[in-house]
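Results of the structural survey
Chain by chain, the residues:
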Amino acid sequence: MRVTIGPSESSVTESVPTATSRRAWLVWSVAAACYFVALFHRASLAVAADAALDRFSAGPAALSVLSALQLGIYLALQIPAGVLADRIGPRRLITGATLALAVGSAVFAVSASLVGGLAGRALIGLGDAFLFTNVLRLAAHWFPAERFGRIAALTGLVGGVGQLAATAPLATSLRVLGWLGTFLGAAGLTAVLAVSAWAMVRDRPRVVDSGDAVGRPSSAREVEPVRVALRAVVTTPGTWHSFWVHFVMMGQFVAVTVLWGPPWLMRAQGYGAAAAGNWVLLCVAGFLVGAWACGQFVAGRPARRERFVLVLSLLLAVVWLTVIGWPGVLPVALLAVLLVLIGIGGGAAMLAFDGARTVNAAHRSGLAVGTANMGGFTAAVLIQLAVGGVLRVAEGLAAGPSYRLAYVPVLLVIVVGALGQLRQSRRARGVGRGRARFQGTRPTPT
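Residues numbered from 1 in each chain as written. Predicted model: local features only at pLDDT ≥ 70, side-chain atom pairs only at ≥ 80, totals over all residues. Heavy atoms only, no water.

Re the overall build of the protein
Assigned secondary structure in the protein consists of 20 helices and zero strands. In the protein, which comprises 446 residues, the share counted as buried stands at 57%. For the protein, the computed accessible surface area is about 17000 Å², with 67% contributed by carbon and sulfur atoms. (Helix = DSSP H or I, 4+ residues; strand = E, 2+ residues; numbered from the N terminus. Buried < 20%, exposed > 50% of the residue type's maximum accessible area, 1.4 Å probe, protein only. Areas by Shrake-Rupley, 256 points an atom, 1.4 Å probe, with all protein chains shown as cover.)

What follows is the structure, encoded as structure tokens:
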């Protein structure tokens, strides 16, 4: 049985485009390119972890602070990013955020102290925080509502390619160009993209008649108070289901690709730096497969989406239980399967935004996406700090046992998130049955 929770269908899909133009794809492509570089900068610390330890004369715990600060800023700004996306508009925010990434990368490049490194990663977290939400806000303005889930998955694919660039290619650049050349070069390219975004991105399609522009919500809803919009979003059960989906899928993926994957592969699994980068590359390839498959076969189908994410959450729990429980070095074939599944889970996190957009009105899509996006990065911050803390406590153990112990928090995050999904699904069905009884109808079966 399936029930629809949240605004009526007419309010959720109000005033959105009915067709996709070449201009829409151009606007989205430039914005998505900015998201591409954001994911490159976000993931770069994982591959540069050993070099960062030497450059900043820091230990693993300090490195976890670098990553957690970046992700913590990202997390703290998700609600403001959603609110501002709905009010200021994506063009200004995407341009400013991309400039912040460029400055952050430049600061990170020239710094030789941990304080400077923290400042650079803080700016990267600031810029990163505003990009994904605003790219999807553009999608809500420029594309038909029924295509939103696929555009979200496609945006995830672009981000995944950005993470690919932060694996083996980044490792090669660090060897050839060195720390300064690599991160200053990335800063320069990012600044060029910021200028391109200002020149080419527009918040909405042009006005086509005497009424509103295509994709523009009614003026009354456009200026609704923040507290009204926030209350509407956070009291919708489907929003919190999306939060927990993202909590599970993205949190565990970030645990591997943003910081702890390469050190684990090198110290506990016995691989060199280049091989570890290739393993992370495989994980990101799984992300691309997951994002593509979910966009093609799951997005836009609420009942299928709910079943799929729950089954995948349970499968990820098995994956991490295997990582924690396997004695010694993982066999190559098993490691490959586990990393691909972790990546597929990260790609499936895009379904959280499909769900959040489905149950919330179009003019609140930025806030809804930002709220759902908090899930994975709440989990990511908790994981980064917990793993670093456990490794510090377990310094006397061999690398294998210490990392297996340190990854226990990842499994706990997945279990908590899966239980959250179940709770919100039951809550949504209960609300739906109550609404159906009040209206004298029955919930629509699937």
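What about the side chain of S313?
With respect to the helices and strands, S313 occurs in helix α15 (residues 302-325). Look past the residues within four positions of S313 in its chain and what remains in contact with it is V248, M249, I414, A418 and Q421. (Contact = heavy atoms within 4.5 Å.)

Let's talk about the nonpolar core
Formed by 132 residues in total, the largest nonpolar core has its most connected members in M249, W264, W320 and Y407. In contact with W264, other than residues within four places in its own chain, are Q269, V323, L330, L335, L339, Y403 and Y407. (Core = buried A, V, L, I, M, F, W, Y, C linked by side-chain atoms within 4.5 Å.)

Some details on the packing of aromatic side chains
The tally for this structure, following the rule as stated, stands at 20 aromatic pairs. Seen in terms of ring centroids, W179 and F183 are 4.9 Å apart; in terms of plane orientation they differ by 55°. Their pairing is tilted. Of this pair, W179 and F183 both sit in helix α10 (residues 168-200), separated by four residues, roughly a single helical turn. Judged by its relative accessible area of 10%, W179 falls in the buried class. Members of the aromatic cluster, joined through ring pairs, are F56, F108, W179 and F183. For the cation-ring pair, R91 lies above W198, with the distance from its terminal atom to the ring centre recorded as 3.7 Å. (Phe/Tyr/Trp six-rings, centres within 6.5 Å; stacked < 30°, edge-to-face > 60°. Lys NZ or Arg CZ within 6 Å of the ring centre and 35° of its normal.)

Here we look at the pattern of salt bridges
Applying the stated criterion across every chain yields a total of two salt bridges. The partner of D128 in a salt bridge is R42, and the shortest N-O contact between them spans 2.7 Å. Here D128 is found in helix α7 (residues 114-129), whereas its partner R42 is found in helix α2 (residues 22-47), with 86 residues between them in sequence. Between D354 and R305 there is a salt bridge, with its nearest N and O atoms 2.8 Å apart. You can see D354 sitting in helix α17 (residues 351-359) and its partner R305 sitting in helix α15, a full 49 residues away along the chain. Both residues of the pair, D354 and R305, belong to the buried class. (Salt bridge = Lys/Arg side-chain N within 4 Å of Asp/Glu carboxyl O.)

Structural notes on the side chain of T371
Tracing the chain through its elements places T371 in helix α18 (residues 365-393). Of the residues examined, T371 reaches a relative accessible area of 1% and is grouped as buried. Polar side-chain contacts of T371 include one of 2.8 Å to the backbone oxygen of L367. (Polar contact = N/O pair within 3.5 Å; in protein donor to acceptor, adjacent residues only side chain to side chain.)

A look at the packing of α17 against α18
Closest axis-to-axis distance for the α17/α18 pair is 9 Å, and the angle between their directions is 140°. Our classification of the angle between α17 and α18 gives oblique. The chirality of how α17 crosses α18 is right-handed. Residues A352, F353, A356 and R357 of α17 form the contact with α18, whose participating residues are S365, A368, V369, A372 and N373. (Axes fitted to C-alpha atoms, helices over the stretch in contact; angles between N-to-C directions. Parallel < 35°, antiparallel > 145°, perpendicular 65-115°, else oblique. Left-handed = near helix turned anticlockwise from the far one by under 90°.)

Side note on the packing of α15 against α17
One can describe the packing of α15 onto α17 by two numbers: an axis separation of 11 Å at closest approach and a directional angle of 145°. At the point where α15 passes α17, the crossing takes the left-handed sense. The segment α15 lies against α17, with R305, F308 and V309 engaging L351, D354, G355 and T358. In terms of residue class, the contact of α15 with α17 is made up of three nonpolar, two polar and two charged. (Nonpolar A, V, L, I, M, F, W, Y, C, P; charged D, E, K, R; others polar.)

What to know about a positive patch on the surface
Side chains of R147, R150, R301, R304 and R307 sit close together on the surface and give a patch of like positive charge. Position of R301 among the secondary structure elements: in the loop between α14 (273-297) and α15. For R301, a relative accessible area of 30% corresponds to the partly exposed category. (Patch = residues over 30% accessible without salt bridge, like charges linked within 9 Å, V, L, I, M, F, W, Y side chains within 5 Å. Lys, Arg positive; Asp, Glu negative; His and termini not counted. Charge placed at Lys NZ, Arg CZ, Asp CG, Glu CD.)

A few points about the environment of F108
Take F108: it is sitting in helix α6 (residues 90-110). The sequence separation of F108 and A119 amounts to eleven residues, and the corresponding C-alpha distance is 7.5 Å. Not counting chain neighbours up to four residues away, the residues in contact with F108 comprise L45, F56, G117, G120, R121, W179 and F183.

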